[in-house]
Amino acid sequence: MILVGLGNPGDKYSTTKHNFGYWIIDSIIRKCSLKLKAGKGDYLYAQHGDSFLVKPTSYMNSSGLVVNQILNYYKASIEDLVIIYDDIDLTLGTIRFRDKGGPAGHRGIENIIYQLRSESFLRLRLGIAVEDLHMKPSEKYVLSPFPKKYKEEIDLVINKSVDGLEYLLDNGIEKTMNKFN
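Residues numbered from 1 in each chain as written. Predicted model: local features only at pLDDT ≥ 70, side-chain atom pairs only at ≥ 80, totals over all residues. Heavy atoms only, no water.

Trainee: For the nonpolar core, give the residues involved together with the corresponding values.
Mentor: Membership of the largest hydrophobic core comes to 33 residues, with the highest contact counts inside it found for F20, I24, I84, F97, F146 and L165. Those elements that provide at least two residues to this core are α1 (20–31), β5 (81–91), β6 (95–98), β7 (122–129), α4 (138–142) and α5 (151–180). When residues of this core are assigned to their parent elements, the largest contribution, nine residues, is made by α5. Core analysis: the next-biggest nonpolar cluster, separate from the first, contains 21 residues, L6, L71, L81 and I112 among them. (Core = buried A, V, L, I, M, F, W, Y, C linked by side-chain atoms within 4.5 Å. Buried < 20%, exposed > 50% of the residue type's maximum accessible area, 1.4 Å probe, protein only. Helix = DSSP H or I, 4+ residues; strand = E, 2+ residues; numbered from the N terminus.)

Trainee: Account for unusual backbone geometry, with residues named and values stated.
Mentor: The phi dihedral of S33 is positive, around 55°, even though this residue is not glycine. With respect to the secondary-structure elements, S33 resides in the loop between α1 and β2 (37–38). Its identity is not glycine, yet A104 carries a phi of approximately 50°, on the positive side.

Trainee: Describe the sheet that holds strand β4 (residues 51–56), and please don't skip the residues or the numbers.
Mentor: As summarised here, the arrangement of the seven strands in space is β2-β3-β4-β1-β5-β7-β6, forming an open sheet in which the pairing is mixed. With partners counted over all chains shown, the strands left at the sheet margins are β2 and β6, one partner each. Contacting β1 (2–5), β3 (43–48), β4, β5 and β7, α1 crosses the sheet at an angle of about 140° to β4. (Pairing = 2+ DSSP bridges. Contact = heavy atoms within 4.5 Å. Axes fitted to C-alpha atoms, helices over the stretch in contact; angles between N-to-C directions.)

Trainee: I'd like a rundown of the pattern of salt bridges, residues and numbers included.
Mentor: Applying the stated criterion across every chain, the model contains four salt bridges. The salt bridge involving E166 is made with K31; its shortest N-O contact spans 2.8 Å. Taken together, the positions of E166 in helix α5 and K31 in helix α1 put the pair 135 residues apart, joining distant regions of the chain. Assessed through its relative accessible area of 33%, E166 is described here as partly exposed. Judged by its relative accessible area of 51%, K31 is exposed. (Salt bridge = Lys/Arg side-chain N within 4 Å of Asp/Glu carboxyl O.)

Trainee: If you had to explain helix α3 (residues 107–116) to someone new, which residues and values would you point to?
Mentor: Burial within α3 is extensive, with seven of its ten residues counted as buried. Listed as buried for α3 are G108, I109, N111, I112, I113, Q115 and L116. At its buried positions, α3 is contacted by α2 (63–73), β5 and β7. Once α3 finishes, R117 follows within two positions and takes phi at roughly 55°, a positive value.

Trainee: Describe the environment of G164, and please don't skip the residues or the numbers.
Mentor: Its place among the elements puts G164 in helix α5. Taking the C-alpha atoms as reference points, G164 and Y22, separated by 142 residues in sequence, lie 16 Å from one another.

Trainee: Got a sec to walk through α2? Specific residues and values, please.
Mentor: Three or more residues of α2 are buried, namely S63, G64, V66, V67, I70 and L71. Taken around the axis of α2, the buried residues stretch over an arc of 160°, which confines them to a single face. Buried residues belonging to α2 abut β1, β3, β4, β5 and α3. Positive phi shows up at K75, right after α2, with a value of about 50°. (Arc of directions from axis to C-beta.)

Below is the structure:
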């Protein structure tokens, strides 16, 4: 499997909600004592068994180009792919595994669908909506950090997501959706 966590590169964005996908990949890398290496394109990766953990180094809205580079370089198919990303339509604390679907306004996913010419790839959606925060305009909301008071909840989401991804690798998408959604 190729697990791709979406985010934006650089310190300016490292703590923003839009980098939730990066946080999941970083957590797996720490848990498994791995190190990121430069890929043969605009991404960093670490290998864990048969799985690749990937962080694109392009900006979010160009994620599809990077995903295409990765699939071509590793001669992998779209069935080997799991995209991990933030979703403003889900409440913080919610995760959703899906086997396909549209972009729902997420520009990174929109670009991946465009580049792959398919909506049929596995994904893990991570809720970032918090009602007591101003979520409009959404572009500003996703590029801002969570207040510190949400750290514990974010850590729980990260742990649940890592557990879900491990479960997915062993059990497939149907069982994973039934257990974690």
